[in-house]
Each structure stands twice: as structure tokens, then as C-alpha cells.
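Understanding the architecture of this molecule
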Amino acid sequence: MFRNWRIGSVNGALVAAYFIPAWSLVAFNIMVAPVHGLYERPSVAVALFLSDHLQMAGMDTVRAAWLLALGRLTVVAFFAIYLALLAIPRTRKSGGSDEALGIALAIGSLISFASMVMASKVGEMAALRLHATELLLLLGAAIVLVIERPEAPRTAEAPAPLALEQPELLHNR
């Protein structure tokens, strides 16, 4: 069953297994109560940066919180699409699910990097460690995705010999 799984597929599935529940919960908390959800640990650096450095008013902070929740849900959606495509063996072997994973990794890395920079600007060390860890997870998965290519399909020039096929002789054509 696990003979045709590549290391990138397993790595992507493990990264998705972390980010789907973690970021879904954070985005849901922001959608239910935008200001309260924004000031929880995963997003507190963004909230402090918006209020301290950008001096945003209340409604602007709510809009920024919803935008952050939308970005996180977009990453979650692409990870879910990746897992759905990963369940199809033909797609998994050919690497067809790597596009969804690549988009999720790119958007997630952008959000984590921006959050990490904001955490360093406001001096929130716990949030800085969280976002740096998430960024390293995403970048590690991206490196594995870039380096490991899917298996090349067999060409028509060298077909695989069949077990019961007789060798062809010159006078037998």
C-alpha cells in the first residue's frame, strides 16, 4: 500500500496535518470575535503591530483581522485540496497534487514570515518563536517539494517486458 508514496507526499501530509486544525481554529476564533481572536497568542503580534505601529482604529483592526483569517483559511483550503488529491494513487505518483501543496506553502510562508517580522518589531518573543517554527516547517516542506521530483513516466521506446512474452526471433516476423 505504501510502496508508491514519495517522501515529499508524506512530508506534505504531515505538514497539512498540523496546519489544517491549527490555522482553522485560529481563523474560526477570529471570525467569531475579530478583536478577541486577534489578541490570542497566534495572532497577538499582528494585533500589537497594527495598533502600535500602524495606529489602526477599531473597524480597521477588525477588517485586518478578517483579512488574516481569510489568508489562513485559504492556506487550509489548499492543504485540504492537497490531501484530497493525495488520496488518488495516479495523481500521487505523477506529482499532480504538488501544485496545491506549493500554493499552500507559498501563502503560508508569506503569512508566517510577515507575522514573525511583526512579532520581532513589537518584542513578543513567544509569538516570534511560534511563527519562526511555522515558517521553518513550511520552508522545509517547500525544499523537499522542490528537490524531489516525481517519478518519470516510462517511454514507448523501452517498454517493460511481459513475463509470458516469447522473445521475437528474426524469422518469426
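Residues numbered from 1 in each chain as written. Predicted model: local features only at pLDDT ≥ 70, side-chain atom pairs only at ≥ 80, totals over all residues. Heavy atoms only, no water.

1. Quick word on the overall build of the protein chain
- When you go through the protein chain residue by residue, the secondary structure sums to seven helices and zero strands.
- Listing the helices and strands of the protein chain from first to last along the sequence gives α-α-α-α-α-α-α.
- For the protein chain, the residues scored as buried account for 35% of the 173 residues in total.
- Sequence separation of at least 24 residues holds for 73% of the intrachain contacts in the protein chain that already meet a minimum separation of 6.
- About 10,800 Å² of surface is accessible on the protein chain, with carbon and sulfur atoms providing 68% of the total. (Helix = DSSP H or I, 4+ residues; strand = E, 2+ residues; numbered from the N terminus. Buried < 20%, exposed > 50% of the residue type's maximum accessible area, 1.4 Å probe, protein only. Contact = heavy atoms within 4.5 Å. Areas by Shrake-Rupley, 256 points an atom, 1.4 Å probe, with all protein chains shown as cover.)

2. Notes on the nonpolar core
- Core analysis: the largest hydrophobic core is formed by 30 residues, its most contacted members being Val15, Phe79 and Leu105.
- For this core, the secondary structure elements donating two or more residues are α1 (7-32), α3 (44-52), α4 (58-86), α6 (98-122) and α7 (125-147).
- Among the elements that line this core, the one with the most residues is α4, at nine residues.
- If we ignore the near neighbours within four places in the chain, the residues touching Leu105 are Val15, Phe79, Leu138, Ala141, Ala142 and Leu145.
- If you look at the next biggest cluster of nonpolar residues, it comprises seven residues, including Ala45, Ala127, Leu128 and Leu135. (Core = buried A, V, L, I, M, F, W, Y, C linked by side-chain atoms within 4.5 Å.)

3. Some words on a nonpolar patch on the surface
- A grouping of Phe28, Met31 and Val32 is seen on the molecular surface, where their side chains present a nonpolar patch of about 300 Å² in accessible area.
- Topologically, Met31 is positioned in helix α1. (Patch = residues over 30% accessible without salt bridge, like charges linked within 9 Å, V, L, I, M, F, W, Y side chains within 5 Å. Salt bridge = Lys/Arg side-chain N within 4 Å of Asp/Glu carboxyl O.)

4. Thoughts on the environment of Gly8
- As for its position among the elements, Gly8 is in helix α1.
- Sequence-wise, Gly8 and Arg149 are 141 residues apart; in three dimensions their C-alpha atoms are separated by 8.8 Å.
- Look past the residues within four positions of Gly8 in its chain and what remains in contact with it is Tyr82, Val144 and Glu148.

5. Examining the confidence of the model for the protein chain
- For the protein chain, the average pLDDT comes to 86, and 84% of its residues sit at 70 or higher.
- Per-element confidence in the protein chain ranges from a low mean pLDDT of 81 for helix α5 (residues 89-94) to a high of 95 for α6. (pLDDT = per-residue confidence, 0-100.)

6. Quick look at the packing of α6 against α7
- Packing of α6 against α7 brings their axes to within 8 Å, and their N-to-C directions diverge by 155°. Classified by the interaxial angle, the pair formed by α6 and α7 is roughly antiparallel. Pair α6 / α7 crosses with left-handed handedness. Touching Asp98, Leu101, Gly102, Leu105, Gly108, Ser109, Ser112, Phe113, Ser115, Met116, Ala119 and Ser120 of α6 are Ala127, Leu128, His131, Ala132, Glu134, Leu135, Leu138, Leu139, Ala141, Ala142 and Leu145, all from α7.
- Tallied by class, residues from the contact of α6 with α7 come to 14 nonpolar, seven polar and two charged. (Axes fitted to C-alpha atoms, helices over the stretch in contact; angles between N-to-C directions. Parallel < 35°, antiparallel > 145°, perpendicular 65-115°, else oblique. Left-handed = near helix turned anticlockwise from the far one by under 90°. Nonpolar A, V, L, I, M, F, W, Y, C, P; charged D, E, K, R; others polar.)

7. Section: the pattern of salt bridges
- One pass over the structure, following the stated rule, counts two salt bridges.
- Where Arg6 meets Asp98, a salt bridge forms, and the shortest distance between an N and an O atom there is 3.2 Å. Placement of the pair is Arg6 in the segment before α1 and Asp98 in helix α6, with a sequence separation of 92 residues. Judged on exposure class, the residue Arg6 and its partner Asp98 are both buried.
- As a salt-bridge pair, Arg63 and Asp60 come within 3.3 Å of each other at their nearest N and O atoms. Note that Arg63 and Asp60 are positioned in helix α4 at a spacing of three residues, about one turn of the helix.
- Of the residues examined, Arg63 reaches a relative accessible area of 49% and is grouped as partly exposed.

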